[in-house]
Amino acid sequence: MRLLKLVPENTNIQFLKLRWPFYIVSLLLIAASWGLVMTKGLNYGVDFAGGQEITGTFTQEQEAPIGELRDTLSTLGLGEPVIQRFGDPNQVSIRVRLPESAEGDPAAAERIAEQIISTVTAEHDDFRVDSNNNVSGKVSGEFRDRAVFALLAAMLAIAAYIWIRFEWQFGVGALFALFHDVSLTLGMFALFQLEFSLQIIAAILAIIGYSLNDTIVVYDRIRENLKKYRKMELPQLLDLSVNETLARTVMTSLTLLVALLPLLLFGPASLFGMVAAIVLGIFVGTYSSVYMAAPILIWLGVTSQSFVPEESVADRQERKARGQI
Amino acid sequence: MLDFPLWKRIWLWGITLAVALVSVPSITSLSGVSLPDWAEGPEINLGLDLAGGSHILLEADPSQVASQRLESLEDSVRTSLRDAEPAIRIGDVSTSGGRLSFMLDNPAEIDRAREILTPLINGNGLVREWDMQLVDGNRMILTPTEQGLDQAVDDAMESATDVVRRRIDDLGTREPTIIRQGDDRIVVQVPGLEDPQALKDLLGQTARLEFKLVAANRQAEITEAEARANPLPGTEWVPFAEEEGLPGLGMVVNRLGGIRGDSLTGAQQGFRQEDNLPVVNIQFDAQGGAIFARLSTENTGRRFAIILDDEVISAPSFNEPILSGAAQISGSFTVETANQLAITLRSGALPVDLTIIEERTVGPDLGRDSIVAGAVAMGIGSVLVVLLMVATYGRFGIYSTFALVFNILMVLGIMAIMNTTLTLPGIAGFVLTVGAAVDANVLINERIREERRRGRRVVAAVENGYKEASRAIYDANVTNFIAGVLLFLFGSGPVRGFAVVLIIGLFTSVFTAVVLTRMWVAGWLRDKRPQDINI
């Protein structure tokens, strides 16, 4: 049986030749992402913004009457409710921010939920409430703080581990690649105004994990080659390492995509945002391992000396004895 | 590297099969098949987002505990000084600023007062509850100590958790989870709940029942403004409950000297004899009954207010002394509301108000849909992954596939043993686990390919492939493990569900991808001694 070869043997693509243009593009993308997050902001779901979220299905209709809902609900005086399709065409999510007075007053939040549900069911008696979430401003603030803390702590701990296992340059490189991935993901969420929830934090951590897998595989090969080819120029050595691991990179990304795409297409609607983020992260993470994590080593000055153990006096005498000096 | 002695093989197969077997009850119950009794075992719990149900986070306000303590201290100080022989008279009592201060009419009685009050401020526990201070020779100031207050909040939360548990048990739902969280929070999770509203109504009510005498010359209902225009010391204005149909009106009652609901021993819904309207019948314990008897004897003909959660629900008169220790609460009840009040009274009052600060309710339909959609998607994904692996790595791809299957079974088995909960994000964590396991296999297989290309012989290539790839696999998994642990420690809700699956999956994927496949490959190489491998 002839086996499938996704990547031809002995590739020799000069990835690092393009490191400057890609670096500049990436830095611009990072800046643009943060710009978007600052200006457009993230579309926080109830987890982080607080408020009431109701999802429901119009069991008799093909498509949820979103425009009509927006008109009817905006007359309730609850501010501007966010009404979005959620999953199937006949499913919607309705989000309202609770007024200040409702903060910590469960009865008020409940009244608002009831008001929305009764208004919708008055006009559409086939409306079925699927879920009903209410998060007070107090808890959502805590969620935000904890999420940010978890993200930062995870990134720093990972960088520290890599620093211990490899060299400090590698730790910095991995940290920078992670920063790149997280920035671009956030930027994407700001650009498309996808709902940003606790699940997305889980997704970002999954991206960090995945991107790191890639980075470590490449780094491991770089370390190995640094010991093997002592005289090779660093850019050339990095290219070699990336090429040697290319088949693995393609295969792993592909299998993960193949596993995730059905989840994106047929999976539960409430997982969509999370899976979409992870799929995006696969591309960004793979790219960053090659173009962010590797070239930075050149500028940080990794040399083949980094991994050569210091020669002890005994070794030296032994070599002398064998006449090698 | 490739030698696996018999004892090692038995040991590895034993672990693998045992853990995989534990997953069977979970798999069958997820797919709706019921097993015979003898085959039942630990199962994975389904999170509320998959099974449907309600998650409610309640929070207490510690300052309320402080003010209640102050009020009861004031009550006890007055009573014990009045009951002393001879009575010690005090004046200018104030509870402002969170402390109790009062003046002794006769400064010479200061030592006697101090002696009487000592047991009060020391409390009955190990920590001193109040600090006593003497100012200007005859003014006493009692300030709460920090430890005493902490202890009081802690006690209040403990008993609040008990009360919540009793109320939910009375609802008759299956397997609710009620856990105290942090200093001032309680998490309530009720799976598969049909009517979340009833749950919230039960939890929202403090059910602090009080009987207070209506102030002597203020027997009529008046508005708050009227009460304030003509203040009466030692009294307070309490509004009527909304349902009473007396909007804006309330009654002026004596602040102290009433009876609290904590001396109740029972409460049942019943009907009033005269007009057959729903009422709640209550019974007092001996002490409460005695006070009630005294109150009703001394004040026959006067009105008393029945106050629930700071609202008057009715204000009948004592027509005759009530000596039996039993009373009736009437109001505008329906049978249901009367029954609900009876439940809340039976389970006791919450020592502190609880507000719902987070509520997530998922309907059972949505949960079922999510499971089906998730399972279908994972099924398709797994088939595609397997096809890709076998097409790319041939025999080694088949080994990887088997490793993958055992990996999935082992994750389910460990989750069942640890009694963890599978949530929607957990499903995504599952997919990533599969991804990590595949990656490990890919790394190994690619490495073997590479070693073969360099001209190594079969056994050496396989050996080297495993050895060289393992380093990257371990590093990658340790870093992911670090991320997973941090996620679990600092994350909340869905993030944790994801982290649990991720962490378990890291261990099983390394075990299946590195250890199990190596054992299988080694077995094949030893038996067949192939000269070439197709990889």
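Remember, predicted model here, so these are calculated numbers, not experimental data. Each chain has its residues counted from 1, running along the sequence as written. In the order they appear in the text, chains get letters beginning with A and ligands get numbers beginning with 1. With the structure being a predicted model, the display of local features is reserved for residues of pLDDT at least 70 and the display and counting of side-chain atom pairs for 80 or more, all residues being used for whole-chain, interface and lining totals. Calculation of side-chain values draws on the structure's entire complement of heavy atoms; hydrogens and water are dropped beforehand.

Draft legend 1. Expanded view of the pattern of salt bridges. Salt bridges are defined as contacts in which a side-chain nitrogen from Lys or Arg sits within 4 Å of a carboxyl oxygen from Asp or Glu. Per the stated rule, a full pass over the model turns up 42 salt bridges over all chains. For A:Glu224, the salt bridge is made with A:Arg221, and the minimal N-O distance between the two is 3.9 Å. Here A:Arg221 and A:Glu224 lie together in helix α7 (residues 198-228), a separation of 3 residues that amounts to about one turn. By relative accessible area, which is 5% here, A:Arg221 ends up buried. Between B:Arg456 and B:Glu451 there is a salt bridge, and its shortest N-O distance comes to 2.5 Å. The rule is simple: take the accessible area with a 1.4 Å probe, protein chains only, and divide by the maximum for that residue type; under 20% is buried, over 50% is exposed, in between is partly exposed. With relative accessibility at 37%, the residue B:Arg456 sits in the partly exposed group. Helix numbering and strand numbering both begin at the N terminus, where a helix is a DSSP run of H or I of at least 4 residues and a strand a DSSP run of E of at least 2.

Draft legend 2. Broad picture of the sheet that holds strand β5 (residues 130-135) of chain B. All names here are of chain B. Any two strands between which DSSP finds at least two bridges are classified as paired. Read from one edge of the open sheet, 4 strands run β3-β4-β6-β5, paired in antiparallel fashion. The open sheet has two free edges, formed respectively by β3 (90-94) and β5, since each of these has just one partner strand. If you compare each strand with its neighbour and ignore which way they point, the axes differ by 20° on average. Of the pairings in the sheet, the one linking β3 to strand β4 (residues 100-104) comprises 3 bridges and is antiparallel in character. Following the sheet pairing, Ser 94 is matched in β4 by Ser 101. Against the sheet, helix α4 (residues 110-122) touches β4, β5 and β6 (139-144), its axis set at about 165° to β5. Angles here are taken between N-to-C directions and fall from 0 to 180 degrees, while the axes themselves are lines fitted to C-alpha atoms, restricted in helices to the stretch in contact. Every residue pair with non-hydrogen atoms within 4.5 Å of one another is taken to be in contact.

Draft legend 3. Main features of the domain arrangement of chain A. Residues and elements named next belong to chain A. Domain start and end points were adopted from an automatic or database domain assignment. Split into domains, chain A comes out as domain 1 (15-41 + 140-299) and domain 2 (51-134). Each of domain 1 and domain 2 was reduced to a C-alpha centroid, and the two centroids are 37 Å apart. Contacts between the two partners involve 4 residues from domain 1 and, on the opposite side, 6 residues from domain 2. Accessible surface is computed with a 1.4 Å probe, and the buried area is the amount of it that two parts give up when combined, taken over both parts together. Here domain 1 and domain 2 share an interface that buries about 320 Å² over both sides, 54% of which is from carbon and sulfur atoms. The largest per-residue losses of area from domain 1 upon contact with domain 2 belong to Glu 195, Ala 269 and Ser 270, which jointly make up 92% of the total buried on that side. Here domain 1 is connected to domain 2 by 1 salt bridge. Arg 95 serves as the salt-bridge partner of Glu 195, at 3.6 Å between the closest nitrogen and oxygen. Counted as a polar contact is a pair of N or O atoms within 3.5 Å, where, for protein atoms, one must be capable of donating a hydrogen and the other of accepting one, and residues adjacent in sequence contribute only when both atoms are in side chains. Taken together, domain 1 and domain 2 are joined by 0 residue pairs in polar contact (both at pLDDT 80 or more). The classification used treats Ala, Val, Leu, Ile, Met, Phe, Trp, Tyr, Cys and Pro as nonpolar, Asp, Glu, Lys and Arg as charged, and all other residues, Gly among them, as polar. Class assignment of the residues belonging to the side of domain 1 that touches domain 2 gives a composition of 1 nonpolar, 2 polar and 1 charged.

Draft legend 4. Representation of the domain arrangement of chain B. Here the domain parsing of chain B yields domain 1 (6-51 + 363-528), domain 2 (62-148) and domain 3 (205-360). Here the C-alpha centre of domain 3 of chain B lies 61 Å away from the C-alpha centre of domain 1 of chain B.

Draft legend 5. View of a nonpolar patch on the surface. Residues A:Leu265, A:Phe266, B:Val372, B:Val376, B:Ile380, B:Val383, B:Leu384 and B:Leu387 make up a contiguous nonpolar surface patch of about 720 Å² in total accessible area. Contributing elements (two or more residues each) for the nonpolar patch: α9 (246-266) of chain A together with α10 (364-393) of chain B. Sort the elements by how many residues they give to the nonpolar patch and α10(B) lands first, with 6 residues. Tracing the backbone shows B:Val383 in helix α10. Judged by relative accessible area, B:Val383 falls into the partly exposed class, the value being 49%. Like-charged residues within 9 Å of one another, or nonpolar side chains (Val, Leu, Ile, Met, Phe, Trp, Tyr) within 5 Å, are grouped into patches, provided each residue has over 30% relative accessible area and no salt bridge. Residue exposure ignores everything except the shown protein chains as possible cover, and the areas themselves are Shrake-Rupley values with a 1.4 Å probe.

Draft legend 6. Main features of the side chain of A:Asn134. Within the secondary structure layout, A:Asn134 lies in strand β5 (residues 127-135). The buried category is assigned to A:Asn134, whose relative accessible area is 5%. The contact partners of A:Asn134, leaving out residues within four places of it in the chain, are A:Gly51, A:Gln52, A:Leu98, A:Ala109, B:Ile357, B:Glu358 and B:Glu359.

Draft legend 7. Local environment of the sheet that holds strand β15 (residues 278-284) of chain B. All names here are of chain B. Reading across from one edge, β14-β15-β18 is the order of the 3 strands in this open sheet, with antiparallel pairing throughout. Looking at which strands have only one partner, the edges of the open sheet turn out to be β14 (264-271) and β18 (326-329). Each adjacent strand pair in this sheet contributes to an overall mean axis angle of 25°, direction not counted. In terms of strand pairing, β15 meets β18 through 4 bridges, oriented antiparallel. The residue bridging Ile 282 from the neighbouring strand is Ala 327, located in β18.

Draft legend 8. Focus on the interface of chain A and chain B. Contact with chain A, which involves 70 residues of that partner, is made by 71 residues of chain B. Taken together, the two surfaces of chain A and chain B that pack against each other cover about 6,300 Å², and 62% of this comes from carbon and sulfur. Summed over the three residues of chain A that lose the most area to chain B, namely A:Leu3, A:Tyr161 and A:Met251, the buried surface amounts to 9% of that side. The tally of links between chain A and chain B comes to 11 salt bridges. Between B:Glu450 and A:Arg221 there is a salt bridge whose closest N-O contact spans 2.7 Å. Counting across the chain A and chain B interface gives 19 residue pairs in polar contact (both at pLDDT 80 or more). Where the side of chain A that touches chain B is concerned, the elements lending two or more residues are α4 (106-123), β5, α5 (137-165), α7, α9 and α10 (272-293) of chain A. Top element by residues in the side of chain A that touches chain B is α7(A). It accounts for 16 residues. Residue classes in the side of chain A that touches chain B are distributed as 38 nonpolar, 14 polar and 18 charged. Relative to strand β19 (residues 354-362) of chain B, β5(A) runs antiparallel, the two sharing 5 bridges.

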